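Residues per chain, in single letters:
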Amino acid sequence: MNVNLTLVLIAAALLGCGVYLLLERSLSRVLVGLVMIGNGVSVAFLVAGGPAGRAPIVTKDGDVTGLSDPLPQAMVLTAIVITLATTAFVLAMAYRSWQLNGHDDVQDDVEDATIRRLAAGDVTSEAYDATTSDFPGDDSSGDPGEGPDDDPLAADAAEIMAAK
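Cut-offs and rules
Residues numbered from 1 in each chain as written. Predicted model: local features only at pLDDT ≥ 70, side-chain atom pairs only at ≥ 80, totals over all residues. Heavy atoms only, no water. Helix = DSSP H or I, 4+ residues; strand = E, 2+ residues; numbered from the N terminus. Buried < 20%, exposed > 50% of the residue type's maximum accessible area, 1.4 Å probe, protein only. Contact = heavy atoms within 4.5 Å. Areas by Shrake-Rupley, 256 points an atom, 1.4 Å probe, with all protein chains shown as cover. Axes fitted to C-alpha atoms, helices over the stretch in contact; angles between N-to-C directions. Parallel < 35°, antiparallel > 145°, perpendicular 65-115°, else oblique. Left-handed = near helix turned anticlockwise from the far one by under 90°. Nonpolar A, V, L, I, M, F, W, Y, C, P; charged D, E, K, R; others polar. pLDDT = per-residue confidence, 0-100. Expected span 1.5 Å × (residues − 1). Patch = residues over 30% accessible without salt bridge, like charges linked within 9 Å, V, L, I, M, F, W, Y side chains within 5 Å. Salt bridge = Lys/Arg side-chain N within 4 Å of Asp/Glu carboxyl O.

Asks: Talk me through the overall build of the protein; I want residue IDs and the actual numbers.
Replies: Looking only at helices and strands, the protein has six helices and zero strands in total. When the helices and strands of the protein are listed from N to C terminus, the series reads α-α-α-α-α-α. In the protein, buried positions account for 16% of the 164 residues. Sequence-distant contacts, at least 24 apart, represent 49% of the contacts inside the protein between residues at least 6 apart. For the protein, the computed accessible surface area is about 12200 Å², with 64% contributed by carbon and sulfur atoms.

Rendered as structure tokens:
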């Protein structure tokens, strides 16, 4: 199969530039990056489909030579729909960010920064402390009967020793 090198390079350039723009903080650049990725994927699908041929539905006397493959065309249509939906979503986010903040830059998440700081200091969270116990075998299920004397592992070990 002969592949058009120009189309391969165009698809690679669109995908590369799109990924670069997708990593920016500005939602308008992210939007342009998503559109470029969508177009790069569409071109890549068409290149993978091979050369143009006859319509795949019409055959003359059962002759199927020279028919084009309809699957890449269907995948391109699907990629166009997905790109349109993603573009609409990011455009709505950028517009809302512009209304609230006056700019479309993505801000750092406060909770993410807190988790990162706690992880750097190797500090356990309050939720982890609330669900763990100092008692061996305690599953912290909230059963008021659980205590240091109710260790199920110790009870199992005692039963095994008694059976011997």
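Asks: Tell me what's going on with the packing of helix α1 (residues 5-22) against helix α2 (residues 27-48), and back it up with residues and numbers.
Replies: Interaxial distance between α1 and α2 falls to 7 Å at its minimum, and their mutual angle equals 155°. Classified by the angle between their axes, α1 and α2 sit roughly antiparallel to one another. As for the relative orientation of α1 and α2, their crossing is left-handed in sense. Residues belonging to the contact of α1 with α2 are distributed by class as follows: 18 nonpolar, four polar and one charged.

Asks: Mind laying out the confidence of the model for the protein, listing which residues take part and the relevant values?
Replies: Chain-level pLDDT for the protein is 80 on average; 76% of the residues reach the 70-or-more range. The least confident element of the protein is helix α5 (residues 126-131), whose mean pLDDT is 61; the most confident is α1, at 95.

Asks: Hey, could you go over the side chain of Ser 97 for me, with residue numbers and the actual values?
Replies: Structurally, Ser 97 is set in helix α3 (residues 70-101). By relative accessible area, which is 11% here, Ser 97 ends up buried. Once you skip the residues sitting within four places of it in the chain, Ser 97 turns out to touch Leu 27, Gly 102, His 103, Asp 104 and Asp 105.

Asks: Can you break down α2 residue by residue, with the values?
Replies: The terminal C-alpha atoms of α2 lie 31 Å apart, and with 22 residues this matches the ideal 32 Å at 1.5 Å per residue to within 8%. Burial in α2 covers these residues: Leu 27, Val 30, Leu 31, Gly 33, Leu 34, Met 36, Ile 37, Gly 38, Gly 40, Ser 42 and Val 47. Looking at the buried residues of α2, the elements they touch are α1 and α3. Just beyond α2, the residue with positive phi is Gly 50, at close to 90°.

Asks: Please provide a residue-by-residue account of the packing of α2 against α3, values included.
Replies: Between α2 and α3, the shortest axis-to-axis distance is 9 Å and the interhelical angle comes to 180°. Here α2 is positioned roughly antiparallel relative to α3, judged by the angle of their axes. Within the contact of α2 with α3, the residues separate by chemical class into 17 nonpolar, six polar and no charged.

Asks: I'd like a description of a nonpolar patch on the surface, backed by residues and values.
Replies: Taken together, the side chains of Val 3, Leu 5, Val 8 and Leu 9 make up a nonpolar region of the molecular surface, amounting to roughly 370 Å² of accessible area. By the secondary structure assignment, Leu 9 is in helix α1. The exposed category is assigned to Leu 9, whose relative accessible area is 54%.

Asks: An account of the pattern of salt bridges is requested, with residue identities and associated values reported.
Replies: Close approach of charged atoms lets side chains of opposite charge pair. On inspection of all chains with the given rule, the structure shows two salt bridges. Put simply, Glu 24 and Arg 29 hold a salt bridge, and the shortest N to O gap is 3.6 Å. The class for Glu 24 is partly exposed, based on a relative accessible area of 27%. Of the charged contacts in the structure, one is a salt bridge between Asp 112 and Arg 116, with a shortest N-O distance of 2.8 Å. Within this pair, Asp 112 and its partner Arg 116 are both found in helix α4 (residues 110-120), separated by four residues, close to a single helical turn.

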